[in-house]
Amino acid sequence: MRNEVKIYQIALLLLLIVPGGKYLTMPALLAGYVGKNSWVLVAIMLAIDGIGLSMVLWALKANKKGLSFKEVLTNTLSPVGAIIVYVVIIAMFAVKCSILFLSGYRLFASTFSVKTSWLGFIIPIVILSVFVVSRGFQTVARLGEFFAVVTIVAITAILLGAMQSAEWGNLMPIMDDANNFFVSMTKSTVWFNDYLFILFLLDSTKIQKRVFAPILLCFAIASILVVYTNALFVSLFGELAKFSDLAMSKISQFSLTASKQGRLDWLSLSLWTVTIFVKGMVYLFCVYKSAESIFGLSPIKFRWPLAVVISLPIVVAPLFLAVDEMIVWVMEGWAKYPLYLVQYLLPLVSPLLVFLANKKERAYAQG
């Protein structure tokens, strides 16, 4: 698989996928947890993500031997430890993918009035995603490079159009009731840590002089948009925010420009939906690479049967399971604790793991 990417491509991909999906069901769920303080919770979680991202970028720059993520894990955590990490990664990204595509299906059904079954919606998307992933991560990165700026402009147009209808007083007072705030933070982690895909690019990223600045800048811009959108959502809906699913669709309806010129917000909303599909491709890539490493397969050749097998749960799960209840269980139950190891501990220790793996590789070369 051809996976070589550049730093600016990673930066633009983060600009695209960090907001992607966070404008659907997340704002209403967080409003149900912490009310008007949901935007504060989002700001804190993204700040924590910024710390984790910085550590991953440190690991990326420190990877002098050009080791792969698999080699780093195997040389430091042992082959068994590496498999455990990969299993958790697969579970985490499978849940994220289910949330993303199911929310996208509801968006198309309710906003664009696309009347189709779940299978009619998801099968073409999965086929397209698998095909793009089969071409290597470089193809995914190029999609992000192509759509990033256009999509951000589309999002900004929706937000500016709705801003005139906002009642900012709905956000006050800030943090007046924080009893449930920190518990709610632990329930919201499934929506964050979008930067973890960078770990799978340790051996395929062209390291340049500037690694931190472009990526952190794009992450900061995306984070500001996410926080602002959540604040705008609460200001528009107030106490009813927790009942208003598909946040971006609801926000777009407040655009004064759209009401005067027709549903021009549909154009912006249509462009924004690209983020859902590109983000799903990134998730699928991480799941595929994890499964590939678990079975000890060579990364040189793409294996379609494996890609089909790992995609099946995403396709069939909504047919037999109440995915919404499953998501709540992941957010509120014990299942979130194993995810913490990958979401937060792994990024924090990634520079150390890379250092130890490089040291071990040097010892092998000298011995």
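Here is what the cut-offs are and how they apply
- Residues numbered from 1 in each chain as written.
- Predicted model: local features only at pLDDT ≥ 70, side-chain atom pairs only at ≥ 80, totals over all residues.
- Heavy atoms only, no water.
- pLDDT = per-residue confidence, 0-100.
- Helix = DSSP H or I, 4+ residues; strand = E, 2+ residues; numbered from the N terminus.
- Axes fitted to C-alpha atoms, helices over the stretch in contact; angles between N-to-C directions.
- Parallel < 35°, antiparallel > 145°, perpendicular 65-115°, else oblique.
- Left-handed = near helix turned anticlockwise from the far one by under 90°.
- Contact = heavy atoms within 4.5 Å.
- Nonpolar A, V, L, I, M, F, W, Y, C, P; charged D, E, K, R; others polar.
- Buried < 20%, exposed > 50% of the residue type's maximum accessible area, 1.4 Å probe, protein only.
- Expected span 1.5 Å × (residues − 1).
- Bend = angle between axes of the 7 residues up to and from the residue.
- Patch = residues over 30% accessible without salt bridge, like charges linked within 9 Å, V, L, I, M, F, W, Y side chains within 5 Å.
- Areas by Shrake-Rupley, 256 points an atom, 1.4 Å probe, with all protein chains shown as cover.
- Salt bridge = Lys/Arg side-chain N within 4 Å of Asp/Glu carboxyl O.
- Core = buried A, V, L, I, M, F, W, Y, C linked by side-chain atoms within 4.5 Å.

1. Quick notes on the confidence of the model for the protein
- Overall, the prediction assigns the protein a mean pLDDT of 88, with 93% of residues at 70 or greater.
- Ranking the elements of the protein by mean pLDDT puts helix α10 (residues 256-261) last, at 50, and helix α3 (residues 38-62) first, at 96.

2. Comments concerning the packing of helix α6 (residues 137-163) against helix α12 (residues 274-294)
- Taken N-terminus to C-terminus, the directions of α6 and α12 make an angle of 155°; their axes are 10 Å apart at the nearest point. By the angle class used here, α6 and α12 are roughly antiparallel. Between α6 and α12 lies a crossing of left-handed hand. Mapping the contact onto sequence places Phe137, Val140, Leu143, Phe147 and Thr151 in α6 and Val274, Thr275, Val278, Met281, Val282 and Phe285 in α12.
- Looking at the contact of α6 with α12, its residues break down into nine nonpolar, two polar and no charged.

3. Describing the packing of helix α5 (residues 118-134) against helix α13 (residues 304-320)
- Two elements in contact, α5 and α13, have axes whose closest approach is 10 Å; the angle formed by their N-to-C orientations is 155°. In terms of orientation, α5 and α13 fall into the roughly antiparallel class. The handedness of the crossing between α5 and α13 is right-handed. The segment α5 lies against α13, with Trp118, Leu119, Ile122, Ile123, Val126, Val130, Phe131 and Ser134 engaging Trp304, Ala307, Ser311, Ile314, Val315, Pro318 and Leu319.
- By residue class, the composition of the contact of α5 with α13 is 13 nonpolar, two polar and no charged.

4. Considering unusual backbone geometry
- Cis rather than trans, the peptide bond between Met172 and Pro173 has omega equal to -15°.
- For Ser78, which is not glycine, the phi dihedral falls at a positive 80°.
- Structurally, Ser78 can be placed in helix α4 (residues 69-110).
- A positive phi is found at Asn193, a non-glycine position, where the angle reads about 65°.
- Locating Asn193 in the fold gives a position in the loop between α7 (181-187) and β2 (205-206).
- On the accessibility criterion, Asn193 (0% relative accessible area) is buried.

5. A closer look at α6
- In this model, α6 (27 residues) spans 37 Å end to end at C-alpha, consistent with the 39 Å of a helix rising 1.5 Å per residue.
- Phe147 marks the point of greatest bend in α6, at about 40°.

6. Quick notes on a nonpolar patch on the surface
- Residues Leu119, Ile123, Ile127, Val308, Leu312, Val316, Leu319, Phe320 and Leu321 make up a contiguous nonpolar surface patch of about 820 Å² in total accessible area.
- Those elements that place two or more of their residues in the nonpolar patch are α5 and α13.
- Looking at the nonpolar patch element by element, the count peaks at five residues for α13.
- Assignment of secondary structure puts Leu312 in helix α13.

7. With respect to the nonpolar core
- Among the nonpolar cores identified, the biggest contains 132 residues, and Phe69, Phe137, Phe197, Ile198 and Trp272 are the most heavily contacted of them.
- Sorting elements by how many residues they give to this core places α4 first, with 19 residues.

8. Considerations on the pattern of salt bridges
- Inspection of the entire model under this criterion finds four salt bridges.
- Salt-bridge contacts for Glu4 lead to Lys206; the nearest nitrogen and oxygen are separated by 3.6 Å. Of this pair, Glu4 sits in the segment before β1 (5-6) while Lys206 sits in strand β2; the two residues are 202 residues apart in sequence, bridging distant segments of the chain.
- The salt bridge involving Lys289 is made with Glu292; its shortest N-O contact spans 3.0 Å. Taken together, the positions of Lys289 and Glu292, both in helix α12 and three residues apart, correspond to about one turn of that helix. For the pair formed by Lys289 and Glu292, the shared burial category is buried.
- One continuous salt-bridge network, built from bridges that share partners, spans Lys22, Asp194 and Lys279.

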